[in-house]
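A structural walkthrough
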Amino acid sequence: MDLDVALNSKQAPAARAEELRLALERAAYEYYVLDTPSLSDDVYDSLLSELKDIETAHPELITASSPTQRVGSTPSDAFSSVEHAARMYSLDNAMNLEELDAWFDRIELATGSSQLNYNCELKIDGSSIALRYEYGELVRAATRGDGRMGEDITANVRTVRDIPLRLQPGLLASLPQLEVRGEIYLPKAHFEQLNAQADEAGEKPFANPRNAAAGSLRQKDPAVTATRELASFIYAPADTTHEDLPPTQHGFLDALRQAGFHVNPDVEVLSRAEVHDFCKAAMEKRHDLPYEIDGVVVKVDAFAVQEALGYTAKAPRWAIAFKFPPEEKTTILREIRIQVGRTGTLTPVAEFDPALVAGSTIARATLHNEDEIARKGILIGDTVIVRKAGDVIPEVVGAVESLRDGSEVAFHMPTHCPSCGTAVHRDEDEAALRCENINCEAQRAERLRHWVSRGAADIEGLGTETINALISVGLVCNVADFYTLSFEQLRDLPLGRTKMDGTEVTFGEVMAAKVLATIEDSKKRPFPRLLFGLGIRHVGATVSELLTDNFGTLENLMAASEEDLNAIDGVGPQIVRSLHTFFSVSENRLVLQRLVEANLNFVAEISPSTVEQTLAGLTFVLTGSLANLTRVEAAAELKKLGAKVTGSVSKKTSYVVAGEDAGSKYDKAVSLGVPVLDESELQRIIETGNLA
């Protein structure tokens with residue numbers, strides 16, 4: 001491309017606008033796909049500015065695929081659900097080369113051929129995406145969701161610069177409808193920059209680039225997503241049987257490139273004997289890449305063979321993810337410190353000399369509990385082996401005993417909470433020590449945040465910044481203190497920031513009035529949600545409903561005997577011990593008394609159901625992440641229809657509902673032969689009230 005387009009501006013607005021769009025689309029294709037840009041940044045910006053001017057003067061000329069519309073939508077309060085053209089499966093994993101060979105053996109046995117070609121691609125550590133095009137125009141972008149249903153994030157995806165809003169002329173652009181899949185990721189440099197900004201602002205950093213990419217895609221305001229410098233790699237069609245598509249994976253990747261998609265250049269078509277070398281080479285260069293990878297995806301190359309091999313309940317048989325083994329380094333363990341969690345768990349944390357592992361520097365890792373320290377035989381002063389579990393979470397593998405010089409010392413867990421001094425205890429069937437004082441300073445911020453959260457008291461306006469400010473000035477120490485706040489205290493609350501003129505930012509009158517009204521409303525929240533909000537160990541949303549349904553009032557629950565509690569189906573010995581321990585702490589009883597005196601609703605609402613109990617006698621278990629409902633909301637809907645919802649799978653379980661990343665409960669359901677439903681089937685049951 002030369003400067004003719006830039007100079008040729010004496011045209012009718014409609015013709016000029018289309019010429020500019022084509023030029024800008026071609027420039028993006030050359031930059032992201034061909035890696036041979038022909039326009040300087042200045043010229044590109046000039047053409048884009050001219051197109052914006054034309055569209056501003058002639059709004060009727062604006063098209064959805066115009067480069068000016070990458071950030072063009074207003075913020076959204078929610079993402080609507082959409083159905084994928086075909087289910088988006090996850091991949092089975094091969095954790096080593098032996099497991100990879102076992103997969104090859106299964107493929108060859110199933111196909112009767114040892115001469116297959118395999119497409120090897122780097123496994124990008126990003127967020128899965130489905131893009132739908134109609135005659136080459138991007139019409140929808142959706143998250144993976146539960147595999148069948150995802151969230152519509154089209155406005156946000158339009159801000160990702162290397163995703164074409166209109167395809168380059170050719171095969172894919174001519175199709176009436178095309179859905180492709182890929183990964184949107186955050187390059188390493190931008191991930192580090194994003195976390196540096198979060199650190200400077202006193203906010204919690206992202207754990208890894210994958211989480212950062214997923215969080216960026218689900219911003220309510222597309223303008224925020226646009227600042228995150230996201231990128232993409234597209235790699236698969238939703239329907240490999242489409243007669244107009246190339247017959248192989250590598251052929252489809254070529255078609256994607258020609259259409260304008262960003263396709264990873266590190267792709268090879270190999271024989272089985274060559275795949276090992278590709279995987280080893282990928283491991284060696286992973287840290288030199290500008291983006292995170294956590295393995296290699298190996299696919300049977302021919303679409304017809306893929307179709308013949310088919311799918312299991314969770315994954316395609318024709319593809320597997322070879323996961324990289326964790327990288328290990330040695331370093332010196334200098335100290336073991338105790339961290340107190342929201343529900344009082346005392347966790348030993350190893351602090352060691354910084355070590356570069358899997359592309360980033362780590363200097364601390366959890367040791368979980370005293371049994372784990374004993375099992376690994378770790379002493380303070382040891383040379384220890386460290387790695388990142390799953391390439392994300394720092395982990396101490398063990399000690400190098402041969403390097404000890406006698407100066408090492410054993411570590412002993414404390415008998416009292418290092419934060420508040422309350423005696424800690426350990427249940428006989430658990431490994432963790434715990435502090436049960438609801439007033440414990442170390443637990444304070446997390447307990448307060450839990451209380452105001454949506455599933456509990458749901459106090460809007462009390463975010464992390466405000467809670468931290470309330471704690472810092474001594475206005476709130478426990479959840480009962482929320483109900484003694486005055487308008488003046490909230491209005492004048494300093495938020496730790498300054499205005500342009502140097503004056504301090506305070507909460508202000510409008511927010512103070514709003515929060516006080518919400519605090520007042522929270523007194524009427526249902527008893528189960530308030531019980532859940534107390535953060536009693538093992539007492540989640542489902543157990544809270546069981547307890548309030550059976551005892552009716554807080555007074556009755558506190559007075560319940562061990563025999564009374566054990567008689568409730570779904571309440572086991574762990575929950576019983578946890579309740580008795582919590583209610584036995586004098587500080588906790590004082591907080592509960594203050595909440596009662598503040599007129600919070602600690603009485604269960606007992607009302608006969610007017611909904612036909614079509615699911616009476618059936619037991620459901622919910623596992624994994626649901627795209628359209630929280631598990632608490634889904635459980636409530638099932639209970640309205642008479643179903644029982646429990647937290648563990650057994651032979652008595654009628655159905656397991658599996659969302660995204662369903663774990664051991666899904667596996668146990670399969671092993672026991674318990675029917676497994678996906679989210680779309682759950683939604684149909686809730687809507688119709690029937691299983692059929």
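What counts and what doesn't
Per chain, the residues get numbers from 1 upward, laid out in the order the sequence is written. Given that the model is predicted, a residue must reach a pLDDT of at least 70 before its local features are reported, and side-chain atom pairs must reach 80 or more before they are shown or counted; all residues, however, enter totals for whole chains, interfaces and linings. Side-chain metrics rest on all non-hydrogen atoms present in the structure, leaving aside hydrogens and water. Secondary structure is summarised from DSSP: a helix means a run of H or I of at least four residues, a strand means a run of E of at least two, and numbering begins at the N terminus for each. Only the C-alpha atoms count toward the radius of gyration. The rule for a globule is 2.2 Å times the residue count to the power 0.38. Every residue pair with non-hydrogen atoms within 4.5 Å of one another is taken to be in contact. The protein chains shown are the only cover counted for residues, whose accessible areas, like all others here, come from Shrake-Rupley with a 1.4 Å probe. When DSSP finds two or more bridges between two strands, those strands count as paired. Side-chain rings of Phe, Tyr and Trp (the six-membered ring for Trp) are treated as a pair once their centres are within 6.5 Å; stacked means planes under 30 degrees apart, edge-to-face means over 60, and tilted covers the remaining angles. Throughout, exposure labels follow a simple rule: accessible area from a 1.4 Å probe, protein chains only, divided by the maximum for the residue type, with under 20% read as buried, over 50% as exposed, and the rest as partly exposed. Our arc is simply the arc of the directions from the helix axis toward the C-beta atoms. Here the axes come from fitting lines to C-alpha atoms, over the contacting stretch only for helices, and the angles between their N-to-C directions go from 0 to 180 degrees. Note on angle classes: values under 35 degrees are labelled roughly parallel, values over 145 roughly antiparallel, values of 65 to 115 roughly perpendicular, and the remainder oblique. By convention, the crossing between two helices is left-handed when the near helix turns anticlockwise from the far helix through less than a right angle, and right-handed when the turn is clockwise. Three residue categories are used. Nonpolar comprises Ala, Val, Leu, Ile, Met, Phe, Trp, Tyr, Cys and Pro, charged comprises Asp, Glu, Lys and Arg, and polar comprises the others, including Gly. The salt bridge criterion pairs a side-chain nitrogen of Lys or Arg with a carboxyl oxygen of Asp or Glu, the two atoms within 4 Å. Here a polar contact is recorded for every N or O atom pair within 3.5 Å, except that within protein the pair must consist of a potential hydrogen donor and a potential acceptor, and residues adjacent in sequence are included only if both atoms are side-chain atoms. By nonpolar core is meant a set of buried Ala, Val, Leu, Ile, Met, Phe, Trp, Tyr and Cys residues that side-chain atoms within 4.5 Å join together. The rule for a disulfide is simple: a pair of cysteine sulfur atoms within 2.5 Å.

What about the overall build of the protein chain?
Counting its regular elements, the protein chain contains 25 helices and 23 strands. Taking 692 residues into account, the globule formula puts the C-alpha radius of gyration at 26 Å, and the protein chain, at 29 Å, falls close to it. Excluding contacts between residues fewer than 6 apart, the proportion of contacts in the protein chain whose partners are at least 24 apart in sequence is 67%. Split by element, the accessible area of the protein chain, about 32,800 Å² in all, is 50% carbon and sulfur.

Quick word on the sheet that holds strand E2 (residues 93–94)
Taken in spatial order, the five strands of this open sheet run E2-E11-E10-E3-E9, and their pairing is mixed. Two strands bound the open sheet, and with one partner strand each, they are E2 and strand E9 (267–270). Relative to strand E10 (residues 293–300), strand E3 (residues 118–124) runs antiparallel, the two being bridged by six bridges. The residue of E10 that forms the bridge with Ile 124 is Ile 293.

With respect to the packing of aromatic side chains
Under the definition given, this model contains 14 aromatic pairs. Aromatic side chains Tyr 89 and Tyr 311 sit 4.4 Å apart centroid to centroid with 20° between the ring planes, which places their arrangement in the stacked category. Of this pair, Tyr 89 sits in the loop between strand E1 (81–83) and E2 while Tyr 311 sits in the loop between helix H11 (303–309) and strand E11 (319–323), placing them 222 residues apart in sequence. A centroid spacing of 5.1 Å and a plane angle of 15° characterise the contact between Tyr 185 and Phe 233, whose relative ring orientation is stacked. Taken together, the positions of Tyr 185 in strand E7 (residues 178–185) and Phe 233 in strand E8 (residues 231–237) put the pair 48 residues apart, joining distant regions of the chain. By relative accessible area, Phe 233 is classed as buried at 3%. An aromatic cluster of at least three residues, connected via ring pairs, comprises Tyr 89, Tyr 311 and Trp 318.

Regarding the side chain of Thr 581
Of note, Thr 581 is situated in helix H21 (residues 573–584). The buried category is assigned to Thr 581, whose relative accessible area is 18%. For Thr 581, the contacting residues outside a window of four places in its chain are His 425 and Glu 436.

Some details on helix H25 (residues 679–688)
Within the sequence span of H25, burial applies to Glu 679, Leu 682, Gln 683 and Ile 685. Down the axis of H25, the buried set is contained in an arc of 160°. They therefore lie on one face. Two residues or fewer after H25 comes Gly 689, characterised by a positive phi angle close to 80°.

Here we look at the sheet that holds strand E21 (residues 644–646)
Paired through their backbone hydrogen bonds, the strands of a sheet run either parallel or antiparallel. If you walk across this open sheet you meet the four strands as E21-E20-E22-E23, and the pairing is parallel. In this open sheet, the two edge strands, each paired with only one partner strand, are E21 and strand E23 (676–677). This element, helix H24 (residues 664–672), spans strand E20 (619–623), strand E22 (655–658) and E23 of the sheet and lies at about 140° to E20.

A look at the environment of Cys 435
As for its position among the elements, Cys 435 is in the loop between strand E17 (433–434) and helix H13 (441–452). Note: C-alpha distance between Cys 435 and Thr 581 (146 residues apart in sequence) is 9.9 Å.

Notes on the packing of helix H4 (residues 97–111) against helix H10 (residues 272–285)
Where H4 meets H10, the axes come as close as 11 Å, and the angle between the chain directions of the two elements is 150°. Between H4 and H10, the interaxial angle falls into the category roughly antiparallel. The hand of the H4/H10 crossing is right-handed. Only Arg 272, Val 275, His 276, Cys 279 and Lys 280 of H10 make contact with H4, whose side of the interface consists of Leu 97, Leu 100, Asp 101, Phe 104, Asp 105 and Glu 108. Residues that form the contact of H4 with H10 fall into these classes: five nonpolar, one polar and five charged.

Here's the deal with the packing of H21 against helix H22 (residues 586–597)
As a packed pair, H21 and H22 sit with axes 5 Å apart at the nearest point and diverge in direction by 80°. Overall, the two elements H21 and H22 adopt an arrangement that is roughly perpendicular. Seen from H21, the contacting residues are Phe 582, Phe 583 and Ser 584; seen from H22, they are Ser 586, Asn 588, Arg 589 and Leu 592. Residues that form the contact of H21 with H22 fall into these classes: three nonpolar, three polar and one charged.

Re helix H14 (residues 464–472)
Along H14, the positions that sit buried rather than exposed are Thr 466, Ile 467, Ala 469 and Leu 470. Buried residues in H14, looked at end-on, bunch into an arc of 160°, giving them a common side. Contacts from the buried residues of H14 go to H13, helix H15 (487–491) and strand E18 (494–498). One or two steps after H14, the chain reaches Gly 474, where phi turns positive at roughly 80°.

What about the pattern of salt bridges?
For the coordinates displayed, the defined rule picks out 39 salt bridges. Measuring nitrogen to oxygen at the nearest pair gives 3.7 Å for the salt bridge that ties Glu 179 to Arg 140. Pair noted here: Glu 179 is in strand E7 and Arg 140 is in strand E5 (residues 137–143), with a separation of 39 residues, a long-range link. Residue Arg 140 is classed as buried on the basis of its relative accessible area of 14%.

Structural notes on unusual backbone geometry
A positive phi angle is found at Asp 458, which is not glycine, with a value near 55°. Tracing the backbone through its elements, the reader meets Asp 458 in the loop between H13 and H14.

Some details on the environment of Arg 272
Position of Arg 272 relative to the elements: it lies in helix H10. Sequence separation between Arg 272 and Ser 38 is 234 residues, and the spatial gap between their C-alpha atoms is 40 Å. Once residues lying within four places of it in the same chain are set aside, the contact partners of Arg 272 are Asp 101, Phe 104, Asp 105, Glu 108, Leu 116 and Tyr 118. At 3.4 Å, the side chain of Arg 272 forms a polar contact with the backbone oxygen of Asp 101.

A short note on the nonpolar core
In this structure, Trp 451, Leu 462, Phe 482, Tyr 483, Leu 547 and Leu 595 are the most contacted members of the largest nonpolar core, which totals 51 residues. At the level of elements, H13, H14, helix H16 (509–522), helix H17 (527–533), helix H18 (541–551), helix H19 (554–559), H21 and H22 are the ones that each hand at least two residues to this core. Top contributing element to this core by residue count: H21, with five residues. Not counting residues up to four positions away in its chain, the partners in contact with Trp 451 are Ala 456, Ala 457, Asp 458, Ile 459, Val 479, Phe 482, Tyr 483, Leu 530, Gly 533, Leu 534, Leu 595 and Leu 600. In this structure, Ile 129, Ile 153, Leu 175 and Phe 191 belong to the second largest nonpolar core, which totals 36 residues.

What to know about the side chain of Ser 654
By the element assignment, Ser 654 lies in the loop between E21 and E22. On the accessibility criterion, Ser 654 (17% relative accessible area) is buried. Ignoring any residue separated from it by four or fewer positions in sequence, one finds Ser 654 in contact with Gly 617, Leu 618, Thr 619, Val 674 and Pro 675.

Quick word on the state of the cysteines
If you walk through the whole model with that rule in mind, you get zero disulfides. Cys 440 provides the cysteine sulfur closest to Cys 477, a residue in no disulfide bond, and the two sulfurs are 12 Å apart.

Focus: the environment of Asn 566
Summarising the element assignment, Asn 566 is placed in helix H20 (residues 562–566). Measuring from C-alpha to C-alpha, the distance between Asn 566 and Val 576 comes to 7.0 Å, with ten residues separating the pair along the chain. If we skip the residues at most four places from it in the chain, Asn 566 touches Val 571, Gly 572, Pro 573 and Val 576.

Any functional reading would require information that these geometric values do not contain.
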